[in-house]
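Okay, here's what each chain looks like letter by letter:
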Amino acid sequence: MRLELTDEDRAFQTEMRDFFTTKVSQDLRDRWAAGGEVDPKDFIEAQQTLNAAGLAVPHWPAEWGGRGWTDLQRHIYLQEMQAASVPPPLAFNANMVGPVIAAFGSQEQKERFLPATANLDIWWCQGFSEPDAGSDLASLRTTAVLDGDEWVVNGQKTWTTLGQYADWIFALVRTDPQAPKKQQGISFLLIDMKTPGITVRPIKLIDGGHEVNEVFFENVRVPADQLVGEVNAGWTYAKFLLGNERVGVAPVASIKKVLAGAKARAAQTRTHTGTLLDEPLVAARIAELEAGVAALELTVIRVAAGSKEGRPDPASSIVKLRGTQLQQDALELLADIAGPASLLWQQPEDTSLEAWTAHATPTYLNFRKASIYGGSNEVQRQIIAGGILGLRA
């Protein structure tokens, strides 16, 4: 099979490539490509640049900034963004809470939140996971009790990514503890992070960074009009949100950039017989990864082109599974090429180390998460077995 872009899609690809490489500052793209700790100012600058051009939320309804693109065009947009090292629109805003408010929120909520969400004037974070309620999210225990025209929220959320920068949090809360099924008693609340009673506590990760947090709610009073949709219908909205979260989980262009960097570094690393790239096992490993990425790219294009009436192709689970595996394998290769030098990790205040070796191992360790978020790879295997292969336990 030979898959090629149409003339129209190729012109669209050129348009996106030109925009990302000429309208987003080179300094910003260089900082993003270098890796390391996220600078919130970079996210804001990039998203506001995209939003001014109508490119921050192209998948939203047209009245709120959408462009009516095909799934293939959106795939091209994402890949060109990654290839140019442009920080993507903040996922919590663009792919999670924004589409939920657009689909299920009141008109007042849409007008209040959607323009600010698209422009990153509001930075959102996600309040879903809790201690003992991660993969089994429906077991969450954070409660919201209606008291007059306010909800009183008590409980704890964990793994709240970039919550230290957030202005607002969208949270799943239990509003009916007596519901016959645990999924039926959950609601979707929008909460201002400045509300009294909210405490954010950092979680330090294995790479030394501060990316995730615990968030505690102690008698936090939330106006009743900040509940999205209907009471106890939050599980429906959460499933809708998680479907959007899985967009872009196979970052083909990013993996290609890592592999290109790995080849260049291997060619620069001297051995007693030449360079590391001359070593047969290293060359074979790179070739195997390049073949895997080429196959993944063809599959991603086929999946994007095969989506019908807004429903994703079931093969998207294969894309998520294989994409995260290849991403992790490529980052592991880069850490291996760096060798012992990668064990000296660069701290935010230390600029004395060569950037690529100092970032290699912490970046590899950080992206172990990729096989968990957006639906764990174990869950994707179950979907593939049942939904594609027709296997039943």
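Look up a bit, the structure's there.
Cut-offs applied
- Residues numbered from 1 in each chain as written.
- Predicted model: local features only at pLDDT ≥ 70, side-chain atom pairs only at ≥ 80, totals over all residues.
- Heavy atoms only, no water.
- Helix = DSSP H or I, 4+ residues; strand = E, 2+ residues; numbered from the N terminus.
- Expected span 1.5 Å × (residues − 1).
- Buried < 20%, exposed > 50% of the residue type's maximum accessible area, 1.4 Å probe, protein only.
- Core = buried A, V, L, I, M, F, W, Y, C linked by side-chain atoms within 4.5 Å.
- Contact = heavy atoms within 4.5 Å.
- Phe/Tyr/Trp six-rings, centres within 6.5 Å; stacked < 30°, edge-to-face > 60°.

J.: Is there a simple way to think about helix α8 (residues 252-268) in this case?
T.: Think of an α-helix as 3.6 residues a turn; residues three or four steps apart then line up on the same face. The end-to-end C-alpha separation of α8 is 25 Å, in line with the 24 Å expected for 17 residues at 1.5 Å each. Of all the residues in α8, the buried ones are V252, A253, I255, L259, A262 and A266.

J.: Can you help me understand the nonpolar core in this one?
T.: Nonpolar side chains tend to gather and get buried jointly when the protein is soluble and globular. Counting residues in hydrophobic clusters, the biggest one holds 74 residues, and the most contacted among them are L50, Y77, W124, F170, F188, L190 and I191. The biggest single contributor to this core is helix α5 (residues 91-104), with seven residues. If sequence neighbours within four positions are ignored, Y77 has contacts with F12, M16, F20, L50, L55, A56, P58, W69 and P89. Ranked by size, the runner-up nonpolar core spans 25 residues in total, among them V252, A266, A330 and I337.

J.: Looking at this structure, how should I read the packing of aromatic side chains?
T.: Pairs of aromatic rings are described using the distance from one ring centre to the other and the angle between the two planes. One pass over the structure, following the stated rule, counts 16 aromatic pairs. Judged by centre distance (5.8 Å) and plane angle (90°), the rings of F43 and W123 are edge-to-face. Highlighted residues: F43 in helix α3 (residues 40-52) and W123 in the loop between α6 (107-118) and β1 (124-127), separated in sequence by 80 residues. For F43, a relative accessible area of 7% gives the class buried.

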